[in-house]
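Chain by chain, the residues:
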Amino acid sequence: MYKKKLQYNRKFQGGFSLIELILVIALIGIFSTIAMTRTNTSLSVIRENIALDQITSDIDLVKSMAFAQNQTITLKFDVLNESYSVFNEQGIITDFPNSDESGIISLNNSNLRNTDIKQAVFGNTSDLEFTSKGSVINGGIIELNSKTITIESVSGRWSIDN
């Protein structure tokens, strides 16, 4: 009788086979890969939008500063270093928002990595210059990854193109 109970218990013992476990682990790996790919793509779009917001906000701020201080203020873009600086008639403005101690606003940091300034062209220079009246001397474009900021001459109005 003891042998029959032992055989009965062995016959109905629960558990997973090795094939079932391997299948579950493979599915988890596939779903994780899909989730990571989508997350990285989404993060790139978010980072690009943050950079666009920062640059356009800085354009508006520089325009307002030029008018309020009654002096020419320039945004100088450095495409190679993925950065820009703000200059007034006395030199670089070191206490500009989001700038480091030397006055440089960099897109090459951990928050905005993979966001590249491909080009910044205003006339034949990379300087966006606002007069003391808040108008732009030469309009132009700033190209980031897949989007372009277009700045109109005179008004300084900007728009974002895909």
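Small disclaimer: the values here were computed from a predicted structure and weren't measured.

A. The arrangement of the overall build of the chain in detail. Across its full length, the chain holds 2 helices and 9 strands. Its helices and strands in sequence order give the chain the pattern α-α-β-β-β-β-β-β-β-β-β, from N to C terminus. Taken over C-alpha atoms, the radius of gyration comes to 28 Å for the chain, far larger than the 15 Å a tight globule of 162 residues would show. Projected onto its principal axes, the C-alpha positions of the chain cover 105 × 30 × 25 Å. A buried classification covers 30% of the 162 residues belonging to the chain. For the chain, long-range pairs separated by at least 24 residues make up 48% of all intrachain contacts whose partners lie at least 6 apart in sequence. Of the roughly 10,600 Å² of accessible surface on the chain, a fraction of 56% belongs to carbon and sulfur atoms. Computed over 14 positive and 17 negative side-chain charges, the inter-centroid distance for the chain is 29 Å.

B. Region of interest: the nonpolar core. By size, the foremost hydrophobic cluster in this structure holds 27 residues, and its most contacted members are I55, F77, L128 and I142. Broken down by secondary-structure element, the contributors of at least two residues to this core are α2 (18–69), β1 (73–78), β2 (83–88), β5 (117–122), β6 (127–130), β7 (140–144) and β8 (147–151). Here this core gets 7 residues from one element, more than from any other, and that element is α2. Sequence-distant contacts of I55, defined by excluding residues within four places in its chain, comprise F77, Y84, L107, I142, L144 and I149.

C. Broad picture of the pairing of β6. Judged by which residues are buried, β6 turns out to be one-sided: L128 and F130 face inward and are buried, whereas D127 and E129, on the alternate face, are not. Alignment of β1 against β6, held across 4 bridges, turns out to be antiparallel. Its bridge partner being in β6, K76 is matched across the sheet by D127.

D. Quick look at the packing of aromatic side chains. A complete count under the given rule lists 2 aromatic pairs for this structure. Note on F77 and Y84: the rings are 5.1 Å apart at their centroids and 35° apart in plane angle, and the pair reads as tilted. For F77, a relative accessible area of 5% corresponds to the buried category. Aromatic pair F77 and F122: ring centres 6.0 Å apart, planes at 35°, arrangement tilted. Here F77 is found in strand β1, whereas its partner F122 is found in strand β5, with 45 residues between them in sequence. An identical accessibility class is assigned to F77 and F122; each is buried. Through successive ring pairs, a cluster of aromatic residues spans F77, Y84 and F122. For K76, the ring lying beneath its charged end belongs to F87, and the centroid distance is 5.2 Å.

E. The pairing of β8, seen in detail. Here β8 lies mainly inside the structure; 4 of its 5 residues are buried. Both β7 and β8 contribute to a ladder of 5 bridges, which runs antiparallel. Looking at the pairing, L144 lines up with K147 of β8. The antiparallel pairing of β7 with β8 creates a hairpin that spans 2 residues between the two strands, and N145 there sits at a positive phi of about 30°. In this sheet, strand β9 (residues 158–161) lies alongside β8 in antiparallel orientation, the contact comprising 4 bridges.

What counts and what doesn't
Residues numbered from 1 in each chain as written. Predicted model: local features only at pLDDT ≥ 70, side-chain atom pairs only at ≥ 80, totals over all residues. Heavy atoms only, no water. Helix = DSSP H or I, 4+ residues; strand = E, 2+ residues; numbered from the N terminus. Rg over C-alpha atoms; globule rule 2.2 N^0.38 Å. Buried < 20%, exposed > 50% of the residue type's maximum accessible area, 1.4 Å probe, protein only. Contact = heavy atoms within 4.5 Å. Areas by Shrake-Rupley, 256 points an atom, 1.4 Å probe, with all protein chains shown as cover. Lys, Arg positive; Asp, Glu negative; His and termini not counted. Charge placed at Lys NZ, Arg CZ, Asp CG, Glu CD. Core = buried A, V, L, I, M, F, W, Y, C linked by side-chain atoms within 4.5 Å. Pairing = 2+ DSSP bridges. Phe/Tyr/Trp six-rings, centres within 6.5 Å; stacked < 30°, edge-to-face > 60°. Lys NZ or Arg CZ within 6 Å of the ring centre and 35° of its normal.

By themselves these figures say nothing about function.
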